[in-house]
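# Fold and geometry: a report
This is what each chain is made of:
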Amino acid sequence: MRLIARTWWILLAAAVSAWILVIGAELFEEVPLPEAAPPVQSSTVYDIDGRRIGSFHGEENRTLTDLDEISKNLRDAAVAAEDQEFYDHPGVSVPGIIRAAYANFRAGTVTQGASTITQQYARTFETVGKEQTLTRKLREATLAIKIEREFSKDKILEFYLNTVYFGRGAYGAEAAAQTYFKKPAGELDLAEAAYLAGIIRSPNRYQIEDNPDGVPSIAHRVLDSMVAAGFIEPAEAGAAKAVNLAERFQFGASVEQASPVGGYFIEYVRKLLISDYGIEERDLLGAGLKIHTTLDLDMQVAAEQAVASTLDQPSDPEAALLAMDPQGRVKAMVGGRVVDDLQRARGTNFAANLPGETGGRQPGSALKPVALAAFVDEGKSVKSKFLGPSPIELRSSRCRNADQTPWTVANFANASYGEMDLIEATVRSANTVYAQMMDQVVSPEKFISVAGRLGIEIPEGDRGCALTLGTTDVTPLEMARAYATFAARGRRPEPLMVLKVESDNGETLVERAPRTEQTLSQDVADVVNHILKQNVQRGTGTAAKLPWPAMGKTGTAQNFSDASFAGATPELTAVVWMGYPPGPETGVIPTMEDVRGRSVTGGSFPATIWREFMLRALEGVQHSDFVEPERFGGQVLEPQPCSEVSSSADPESGDAGASRTPGDEPTPASQVCVEPSPEPGPSPSPSPAGATPRPSASPLDEEDISPIRRSPSPPAEPECGFLDLLCR
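A separate point is helix H9 (residues 214–228). Helical geometry note: an α-helix holds 3.6 residues per turn, so side chains three or four residues apart project in the same direction. Compared with an ideal rise of 1.5 Å per residue, which puts 15 residues at 21 Å, H9 spans 21 Å between its outermost C-alpha atoms and is within 8% of the ideal. Among the residues of H9, Gly 214, Val 215, Ile 218, Ala 219, Val 222, Leu 223 and Met 226 are the ones counted as buried. Residues of H9 that are buried make contact with helix H2 (72–82), helix H8 (190–198), helix H10 (234–241) and helix H11 (245–248). Immediately downstream of H9, the backbone of Gly 230 shows phi near 85°, a positive value.

As structure tokens, this is what we get:
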């Protein structure tokens, strides 16, 4: 009984509120009746120094099309979807307000609105305003009533269908028909009209790229409403529901930019403003907003030129580059090789995902510094020693494969190393050493925890020791954030791209400032930076060497499907990725085993692009150095015992590093590392023979491969020596 009484009180209150709204609207005589449709103004995007880099505007059609030139299907669909009592109310629907209030009360949230078509048209005028207040609602109702008194219902519907926003920058029925289906508004069939009418309330929610299931769903909902309103018969609705709208779409241009620079960044900002900053797309494309961003136009040009000058062949793979400063301000973004086509940028952005989205590609050994930081964070010293044979099998419960088979790991080109500490293991990118480190010290849970502290979110399904070899999908934005955390001595930045959004009259709508947080100790970050500096000076990253202090790490995924270079100076962090997109039919990612006659590794093209960008981006900047670690303290571990199963060693001398005749196939040593006992066993004596790596090429010039259950190793490929251009 109490619930019934409460419901009636709410209904009565809603009815009284509606009556006050109507009467109050009549009293608001100062609200003028506009003489023309509201103007559409492009929004302008500025870089961090106030230089214009682009603009947003819709494909506008403000020439009012006569109602009889708009498909009757769309006219009826709009009325059925938005305001079935349109031809009966005086501009404000009291029954509609009561129904909405009751529905919202029962749902416990706002599920229905009560705005009529006339009110929706009225709120497009500046005299109504945008604030969510009762006063604004009264102004809206006042204007709606005045419009109803001045114009016929058909004329109001004509105004509405010529000014309403349909998404993709399309204002009005004619622009929408051309944008979605490349046909005049008068030729829209029932299925097409139902879809367009359905997306009026929330156009971004029902786009085929982001919500393919929502496209037929919203169209079918409108068709059902048309049947209920008596506009069409059930059989007509059934025939329209059978239409595959996905095959009907022929998208025309909807959003343009004023500059050919920074297309991926501008498109990312557009989506970010809508998804995270509460800016409506209709305002973004037509309200004359001023959008101030973190992009540095000079650095963006440098990034695009570095990619274009290095990868200038049509058959070259895709590439991405993202750069940010220590405070997280994104200074440059290249999401693909074609940078001057905003429509292309609306597809896959290889540099970044929006917050909450998943994606990315395998970074390979560029992710090893996460394990290195976790190792030091566990109180272990990087002077700890490991053996570096290749391949090895890890049989511990921690590192076994999901099917409980041993995890087999190999170094690049099956290079075997003797005893080495973690500094040398990082410089040489020894996979088998990092695998043992995960097996003995850094659990997958610890790795995931440290990755999160660095700003890398490991997907739920990615677990296991292979994480240290970069087998999870990560974006350059996430990698840049992690390396920026190292470079800033453990202060993790929040990625920032939009600083301020102003209305056309100067009102601040959005304002953001850089935010950083100490998530890693300074000592740990200093040790990682110290080691990664050496990697650039004498390791796998020498192709990225700069005239000033820099640190970085190469990464190459299994089968050469992805290659990366991530690095930083104290002033700027940048990450470069290369790879082919998945095949449209198979979804399989082509390998880069034969790009200009060689296999692409992180120390080749990516390192070259990184260096070219950093040289241009930091020209004239006063350079500083990373802080040297005060100590390399912590527990020093000695090599864990491994049982040798077979060896290529000379049976008489035991020399696993014996020379071989060119062309002979080596028989690599196969090591089995068993699960460590609770108490460390005695450290084996280092083998003099194992101290010399076996591959013919210099191990410091070789790249890493991150294998899972890898069988035959790829042929040895030096990082340098194939083209002077890529080695300098």
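Moving on from the coordinates now.
Of all residues in the chain, 74% have pLDDT values of 70 or greater, and the mean over the chain is 79. Note that pLDDT drops below 50 for residues 704–728; the model gives that stretch 86 contacts with residues more than four away or on any other chain.

To find the voids left in a structure, one rolls a probe of water-molecule size over its atoms. What the rule picks out here adds up to three cavities of 30 Å³ or more. Volume-wise, the largest cavity comes out at about 80 Å³. Listed by contribution, the elements that provide at least two residues to the lining of the largest cavity are helix H20 (476–487) and strand E18 (573–579). Here the lining of the largest cavity is composed, by residue class, of seven nonpolar, four polar and one charged.

Right, let's talk about the packing of H8 against H9 for a bit. Taken N-terminus to C-terminus, the directions of H8 and H9 make an angle of 100°; their axes are 8 Å apart at the nearest point. It follows from the interaxial angle that H8 and H9 lie roughly perpendicular. Of the residues in H9, those touching H8 at Leu 190, Ala 191, Ala 194, Tyr 195, Ala 197 and Gly 198 are Val 215, Ile 218, Ala 219, Val 222, Leu 223 and Met 226. When its residues are assigned to classes, the contact of H8 with H9 shows 11 nonpolar, one polar and no charged.

According to the stated counting rule, one finds 34 salt bridges in the structure shown. Of the charged contacts, one joins Lys 271 and Glu 267 as a salt bridge, the two residues approaching to 3.9 Å between their closest N and O atoms. Placement of both Lys 271 and Glu 267 in helix H12 (residues 263–276) is noted, with a separation of four residues, approximately one turn of the helix. The class for Lys 271 is partly exposed, based on a relative accessible area of 27%. The buried category is assigned to Glu 267, whose relative accessible area is 1%. The salt bridge involving Glu 419 is made with Lys 385; its shortest N-O contact spans 3.7 Å. Of this pair, Glu 419 sits in strand E11 (residues 417–421) while Lys 385 is found in strand E8 (residues 385–388), placing the two residues 34 residues apart along the sequence. By relative accessible area, Lys 385 is classed as partly exposed at 27%. What you see here is one network of salt bridges that share partners, running through Asp 47, Asp 49, Arg 51, Asp 296 and Asp 298.

Right, let's get into the packing of aromatic side chains. Across all of its chains, the model carries 11 aromatic pairs by this definition. Ring geometry for Phe 181 and Phe 249: centres 5.5 Å apart, planes at 15°, overall stacked. With Phe 181 in helix H7 (residues 173–181) and Phe 249 in the loop between H11 and H12, the pair connects residues that are 68 residues apart, well separated along the chain. Judged by centre distance (5.9 Å) and plane angle (85°), the rings of Tyr 483 and Phe 486 are edge-to-face. Of this pair, Tyr 483 and Phe 486 both sit in helix H20, three residues apart, which is roughly one turn of the helix. Of the two residues, Tyr 483 and Phe 486, both sit in the buried class. Cation over ring: Lys 153 sits above Phe 86, and NZ or CZ is 4.7 Å from the ring centre.

Before going further, it helps to spend a moment on the sheet that holds strand E17 (residues 562–568). Read across the sheet, five strands follow the order E7-E6-E18-E17-E16 without closing on themselves; strand pairing throughout is antiparallel. This sheet does not close on itself; its edge strands, each paired only once, are strand E7 (330–334) and strand E16 (551–556). Neighbour to neighbour, the strand axes of the sheet diverge by 5° on average, direction disregarded. Relative to E17, E16 runs antiparallel, the two being bridged by six bridges. By the bridge assignment for E17, Gly 555 is matched with Ser 564. Contacts from helix H14 (residues 297–310) reach strand E6 (318–324) and E7 within the one sheet, and its direction differs from that of E7 by about 30°. Contacts between helix H22 (residues 605–617) and the sheet are confined to E6, E7, E16, E17 and E18, with E18 contributing the most and set at about 145° to the helix.

A word on the pairing of E16. For E16, the buried fraction is high: six of the six residues fall into the buried class. Burial along E16 is two-sided: Met 551, Lys 553 and Gly 555 facing one way and Gly 552, Thr 554 and Thr 556 facing the other are all buried. In this structure, the hairpin formed by E16 and E17 is closed by a connection of five residues, where Asn 559 is found at a positive phi of approximately 60°.

Cut-off values and rules
- Residues numbered from 1 in each chain as written.
- Predicted model: local features only at pLDDT ≥ 70, side-chain atom pairs only at ≥ 80, totals over all residues.
- Heavy atoms only, no water.
- Helix = DSSP H or I, 4+ residues; strand = E, 2+ residues; numbered from the N terminus.
- Expected span 1.5 Å × (residues − 1).
- Buried < 20%, exposed > 50% of the residue type's maximum accessible area, 1.4 Å probe, protein only.
- Contact = heavy atoms within 4.5 Å.
- pLDDT = per-residue confidence, 0-100.
- 1 Å grid on protein atoms, 1.4 Å probe; cavity = no way out; pocket = protein on both sides within 12 Å on 5 of 7 lines; lining within 4 Å.
- Points joined across faces, edges and corners; volume = space filled by probe spheres on them.
- Nonpolar A, V, L, I, M, F, W, Y, C, P; charged D, E, K, R; others polar.
- Axes fitted to C-alpha atoms, helices over the stretch in contact; angles between N-to-C directions.
- Parallel < 35°, antiparallel > 145°, perpendicular 65-115°, else oblique.
- Salt bridge = Lys/Arg side-chain N within 4 Å of Asp/Glu carboxyl O.
- Phe/Tyr/Trp six-rings, centres within 6.5 Å; stacked < 30°, edge-to-face > 60°.
- Lys NZ or Arg CZ within 6 Å of the ring centre and 35° of its normal.
- Pairing = 2+ DSSP bridges.

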